[in-house]
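Take a look at the letters that make up each chain.
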Amino acid sequence: MTESTSGSPGKAPADRGRTSIADGVVEKIAGLAAREVVGVHAMGSGSGLSRTFGAVRDRVPGGAKASVSRGVKAEVGEVQTALDLEIVVDYGVSIRDVARAVRENVISAVERMTSLEVVEVNIAVSDVKLPDEPDEEPEPRLQ
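Reading guide: rules and limits
- Along each chain, the written sequence defines residue order, and numbers are assigned to residues from 1.
- With the structure being a predicted model, the display of local features is reserved for residues of pLDDT at least 70 and the display and counting of side-chain atom pairs for 80 or more, all residues being used for whole-chain, interface and lining totals.
- Based on all heavy atoms of the structure, the side-chain values leave hydrogens and waters out of the count.
- Helical segments are the DSSP runs of H or I of at least four residues, strand segments are the runs of E of at least two, and each set is numbered from the N terminus.
- A helix is expected to span 1.5 Å multiplied by its residue count minus one.
- Exposure categories follow from relative accessible area, calculated using a 1.4 Å probe and restricted to protein chains: below 20% of the type maximum is buried, above 50% is exposed, and the middle band is partly exposed.
- A side-chain nitrogen of Lys or Arg and a carboxyl oxygen of Asp or Glu constitute a salt bridge if their distance falls within 4 Å.
- Every axis in this analysis is a line fitted to C-alpha atoms, fitted for helices over the stretch in contact. Angles between the N-to-C directions lie between 0 and 180 degrees.
- In these notes the angle categories are as follows: under 35 degrees is roughly parallel, over 145 is roughly antiparallel, 65 to 115 is roughly perpendicular, and the rest is oblique.
- The crossing is said to be left-handed when, going from far helix to near helix, the turn is anticlockwise and less than a right angle, and right-handed when the turn is clockwise.
- Residue contacts are counted whenever heavy atoms from the two residues lie within 4.5 Å of one another.
- Under the scheme applied, nonpolar residues are Ala, Val, Leu, Ile, Met, Phe, Trp, Tyr, Cys and Pro; charged residues are Asp, Glu, Lys and Arg; polar residues are all the others, including Gly.
- Distance and chemistry together define a polar contact, namely a pair of N or O atoms within 3.5 Å, with one atom able to donate a hydrogen and the other to accept it when in protein, and with adjacent residues in sequence counting only for side-chain atoms on both sides.
- pLDDT runs from 0 to 100 and stands for how confident the predictor is about each residue.

Here we look at helix H1 (residues 23–35)
Phase 1 of the analysis: Here H1 is 13 residues long and its end C-alpha atoms lie 18 Å apart, about the 18 Å a rise of 1.5 Å per residue gives.
Phase 2 of the analysis: Among the residues making up H1, those that are buried are Val26, Glu27, Ile29, Ala30, Gly31, Ala33 and Ala34.

Some thoughts on the pattern of salt bridges
Side chains that differ in charge, positive against negative, can pair when their charged atoms come close.
Phase 1 of the analysis: Scanning the model with the defined rule gives 2 salt bridges in all.
Phase 2 of the analysis: Among the ionic pairs, glutamate 78 bridges to arginine 18, the shortest N-O distance being 3.8 Å. Taken as a pair, glutamate 78 in the loop between strand E2 (72–76) and strand E3 (80–90) and arginine 18 in the segment before H1 lie far apart in primary sequence, 60 residues in all. The exposure classification of glutamate 78 matches that of arginine 18, with both residues exposed.
Phase 3 of the analysis: Salt-bridge contacts for aspartate 97 lead to arginine 100; the nearest nitrogen and oxygen are separated by 3.2 Å. Pair noted here: aspartate 97 and arginine 100 are both in helix H3 (residues 95–114), with a separation of 3 residues, about one helical turn.
Phase 4 of the analysis: A relative accessible area of 45% places aspartate 97 in the partly exposed class.

Concerning the packing of H1 against H3
Phase 1 of the analysis: Their axes nearest at 8 Å, the elements H1 and H3 cross at an angle of 140°. Taken together, the axes of H1 and H3 lie oblique to each other. Two packed elements cross with a definite hand, and for H1 against H3 that hand is right-handed. Contacts between H1 and H3 involve Val26, Ile29, Ala30, Ala33 and Ala34 from the first element and Val102, Asn105, Val106, Ala109, Val110, Met113 and Thr114 from the second.
Phase 2 of the analysis: Looking at the contact of H1 with H3 residue by residue, the classes come out as 10 nonpolar, 2 polar and no charged.

Observations concerning the side chain of lysine 129
Phase 1 of the analysis: Secondary-structure assignment places lysine 129 in strand E4 (residues 117–129).
Phase 2 of the analysis: Given the relative accessible area of 10%, lysine 129 is considered buried.
Phase 3 of the analysis: At 2.5 Å, the side chain of lysine 129 forms a polar contact with the backbone oxygen of glutamate 133.

Observations concerning the confidence of the model for the protein chain
Phase 1 of the analysis: In this model, the protein chain carries a mean pLDDT of 83, and residues with pLDDT of at least 70 account for 73%.
Phase 2 of the analysis: Counted against residues more than four places away or in other chains, residues 1–5, with its pLDDT under 50, gives 5 contacts.

Right, here's the structure in full:
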């Protein structure tokens, strides 16, 4: 006989209730995991101007979504998730190898932290950062 001290008889405490994970949580995890991969220069749009505006927008309080999830879109269900990532790679790296490493790192991090099954990670390489191009990050206007 199974005894229960509270809640539904016969159910373990861990099984009493539901946990939901927001899309933004998965997007942040995936964004951080993708940035850890050598060869990923940036996340998001490949346009230098767009990256500049995005960097400025991220620094403004109450701006658009945080930079950590820029370039990441997640669809989260109850037990599965699918991800779309847009990355900028460094010149000279193997795009295929970088994409493979990003996919592996993102899947590992998301599944470990959320227990969701990652059914797919689609990667769009939108630009290549050339060695002689300056970084597009503007200096902050406010100290």
